[in-house]
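Reading the structure
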Amino acid sequence: MVHIRQAKPALYYKSFRVWLSYGLILSGGLGLSAWISGLRVLDSISANFVSVAPDTSVIFILLGVILFFTTLRPDHHLQKMFSLSILGLVSIYGLLKFVEYFAGVDLTLENVLFPVTDTLGLFILGRMSPITGFLFFLSGIALLLILSPKTYRALRNYTSGLGLAVGVAGFIATLGYLFNAPFLYGSSIIPLAATTSFAFLLLGLGILSMSEPANIFVRPLAGPSVRAILLRNFLPLVIGALLFESLVHQTLDRFYPVNEALSISIISFVFVALTGAMVFSVARSISRKLDEAQNALQQANAFSWSILEKTPYPIMVLNPDDSIRYVNPAFVKLTGFLPSEIIGTNRLLCTGLKINYSNTRWTIRTRTYPNANGFSRRRTESCFGCT
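In this report, we go over the structure that sits alongside the text.

What counts and how
- For every chain, the first residue of its written sequence is number 1, and the numbers climb from 1 along that sequence.
- Whole-chain, interface and lining totals are the exception, using all residues; otherwise, since this is a predicted model, local features are given only for residues with pLDDT of at least 70 and side-chain atom pairs are given and counted only at 80 or more.
- The side-chain numbers reported here are obtained from all heavy atoms of the structure, hydrogens and water having been left aside.
- Secondary structure is summarised from DSSP: a helix means a run of H or I of at least four residues, a strand means a run of E of at least two, and numbering begins at the N terminus for each.
- Working rule for contacts: check all heavy atoms of both residues, and any pair within 4.5 Å makes them a contact.
- Methods summary: accessible areas were calculated by the Shrake-Rupley approach with a probe of 1.4 Å, and residue burial reflects only the protein chains presented.
- Whenever a carboxyl oxygen of Asp or Glu lies within 4 Å of a side-chain nitrogen of Lys or Arg, that contact is scored as a salt bridge.
- When accessible area is computed with a 1.4 Å probe and restricted to protein chains, residues below 20% of their type maximum are described as buried, those above 50% as exposed, and intermediate ones as partly exposed.
- Working definition of a nonpolar core: buried Ala, Val, Leu, Ile, Met, Phe, Trp, Tyr and Cys residues. They are joined through side-chain atoms within 4.5 Å.
- A helix is expected to span 1.5 Å multiplied by its residue count minus one.
- Axes here mean lines fitted to C-alpha atoms, for a helix over just the part in contact, with angles spanning 0 to 180 degrees between N-to-C directions.
- In what follows, roughly perpendicular refers to angles from 65 to 115 degrees, roughly parallel to angles under 35, roughly antiparallel to angles over 145, and oblique to any angle outside these ranges.
- Two helices that cross are described as forming a left-handed crossing if the nearer one is turned anticlockwise from the farther one by less than a right angle, and a right-handed crossing if clockwise.
- Lys, Arg, Asp and Glu make up the charged group, whereas Ala, Val, Leu, Ile, Met, Phe, Trp, Tyr, Cys and Pro make up the nonpolar group; the residues left over, Gly among them, are polar.
- Two N or O atoms count as a polar contact when they lie within 3.5 Å, although within protein this holds only if one can serve as hydrogen donor and the other as acceptor, and sequence-adjacent residues are included solely when both atoms are side-chain atoms.
- Excluding any residue in a salt bridge, patches collect residues exceeding 30% relative accessible area, merging like charges within 9 Å and nonpolar Val, Leu, Ile, Met, Phe, Trp and Tyr side chains within 5 Å.

Counting its regular elements, the protein chain contains 12 helices and 6 strands. Long-range pairs, those at least 24 residues apart, make up 61% of the contacts in the protein chain with a sequence separation of at least 6. On the protein chain, roughly 22800 Å² of surface is accessible, and the fraction owed to carbon and sulfur atoms is 68%.

Quick look at the structure:
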């Protein structure tokens, strides 16, 4: 008996989203802990940077919980209704925070719910940035479309674009903090906090991973193809290498001034080592997947071959030139011809009868079978019909 091993379900995205949800919950938890304890070091890289607003922390925790449960229990009705309700409130709240900056009115009662007196220059600490509000609005709309009923399925292709916008915004803001040059600190707009920036990067990745796999932004990275595997591994490697090189170079110049050639040599050596390790890991992974695919193909061929060999019905397979390619044992038993006598020939055609094998072959390709009959003969020269 031939056993066909079924392909394992793709759990990579599910595991990835679970870890992203952990990151969102942790980011929100650090923000709340810093607000309650007054220890700004918990959610800010430096005392010179703004801290996370408490309402921002609460929203990140809620979004992390929604991402976690919708990943593990996507079909739970009550959970989905609760998630949709929360996402609707988050979208409205974020939009109000964005509008109130321009309107100059507290539309969300934040001053009443979270009274704060500390300031950092021109900024009141503990207040949500209008940019944060706008990104929450985009995130809420994207997740609403993903979790919405089937009638809105056609709109889900736009969700990855929203997730990409949120992720890119978080990525850029995070880079600003990594290079000690955060954005908007010289303006009147409250900037994104460091923890908020990183959390939006995680949230954008979560939205992208939940979007339709056929979407233009997700399609190149999805699936078990070699191209997708290479992109999933080398794209982060290239981005990480560029950031690593810039960050290390800046750190060496600031804290450990050394010869320029020496610093470049050290960075290049580290980059080559990391790249070599990544290439080796990817090559081993691709080789393993190719071996598994080859074994599965061999098992499938063996299974198909066993069906052809053991079926009680005579089967004859033709080449494009109408010569015989294969006959099964039942066909040999019926005709009396050995496979070595007839494979590669068309000697089974009956004299004086019109054979329409090509029409039979055409109908099989088109999956229709409109009385395409032919005739073959036995070793005894008697003819029999085949369809």
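Back to the write-up after that little detour.
Counted by the stated rule, this structure contains 1 salt bridge. Salt-bridge contacts for Glu 100 lead to Lys 97; the nearest nitrogen and oxygen are separated by 2.4 Å. With Glu 100 and Lys 97 both in helix H3 (residues 77-103) and 3 residues apart, the pair spans about one turn of that helix.

The subject of this paragraph is the side chain of Thr 159. Its place among the elements puts Thr 159 in helix H6 (residues 159-178). Residue class for Thr 159 comes out buried when judged on its relative accessible area of 0%. Residues within four places of Thr 159 in sequence aside, it is in contact with Ala 142, Leu 145, Ile 146, Ile 207 and Ser 211.

Core analysis: the biggest nonpolar cluster contains 29 residues, and Leu 24, Ile 59, Leu 63, Phe 136, Leu 143 and Phe 200 have the highest contact counts within it. Elements that contribute at least two residues to this core include exactly helix H1 (12-37), helix H2 (54-72), H3, helix H5 (130-147), H6 and helix H7 (194-210). The greatest single-element share of this core, amounting to 7 residues, is contributed by H5. Aside from chain neighbours lying at most four places away, what touches Phe 200 is Phe 60, Thr 132, Leu 135, Phe 136, Ser 139, Val 166, Gly 167, Gly 170 and Leu 192.

The next point concerns H7. With 17 residues, H7 should reach 24 Å at 1.5 Å per residue; the first-to-last C-alpha distance of 25 Å fits that figure. Of all 17 residues that make up H7, 15 are buried, and the element is covered over most of its length.

Position of Ala 228 relative to the elements: it lies in helix H8 (residues 226-255). A residue is classified by how much of its surface remains accessible, and Ala 228, at 1% relative accessible area, is buried. The spatial distance from the C-alpha of Ala 228 to the C-alpha of Val 218 is 9.9 Å, given a sequence separation of 10 residues. With near-sequence residues (within four places) excluded, Ala 228 lies in contact with Pro 220, Leu 221, Ala 222 and Gly 223.

Where H2 meets H7, the axes come as close as 11 Å, and the angle between the chain directions of the two elements is 25°. When the axis of H2 is compared with that of H7, the two are roughly parallel. The handedness of the crossing between H2 and H7 comes out as left-handed. On the side of H2, the interface is formed by Thr 56, Phe 60, Leu 63, Leu 67 and Thr 70, while H7 contributes Thr 196, Ala 199, Phe 200, Leu 203, Gly 206 and Met 210. When its residues are assigned to classes, the contact of H2 with H7 shows 7 nonpolar, 4 polar and no charged.

Glancing now at the packing of H6 against H7. Between two packed helices, what matters for the description is the angle formed by their axes and the separation of those axes. In contact at an axis separation of 7 Å, H6 and H7 are set at 155° when each is read in the N-to-C sense. In terms of axis orientation, H6 runs roughly antiparallel to H7. In the crossing of H6 with H7, the sense of the turn from one axis to the other is left-handed. Contacts from Thr 159, Ser 160, Gly 163, Leu 164, Val 166, Gly 167, Gly 170, Phe 171, Ala 173, Thr 174 and Tyr 177 in H6 reach Ala 194, Ser 197, Phe 198, Phe 200, Leu 201, Gly 204, Ile 207 and Leu 208 in H7. Its residues assigned to classes, the contact of H6 with H7 shows 11 nonpolar, 8 polar and no charged.

A word on the side chain of Ser 27. For Ser 27, the position within the fold is in helix H1. Since its relative accessible area comes to 7%, Ser 27 is described here as buried. Looking at Ser 27, its side chain comes within polar contact range of the main-chain oxygen of Gly 23, at 2.8 Å. Discounting residues that sit within four places of it in the chain, Ser 27 has contacts with Thr 195, Phe 198 and Ala 199.

Taken together, the side chains of Ile 92, Leu 95, Leu 96, Val 99, Val 105 and Leu 107 define a hydrophobic patch exposed on the protein surface, amounting to about 450 Å² of accessible area. By the secondary structure assignment, Ile 92 is in helix H3.

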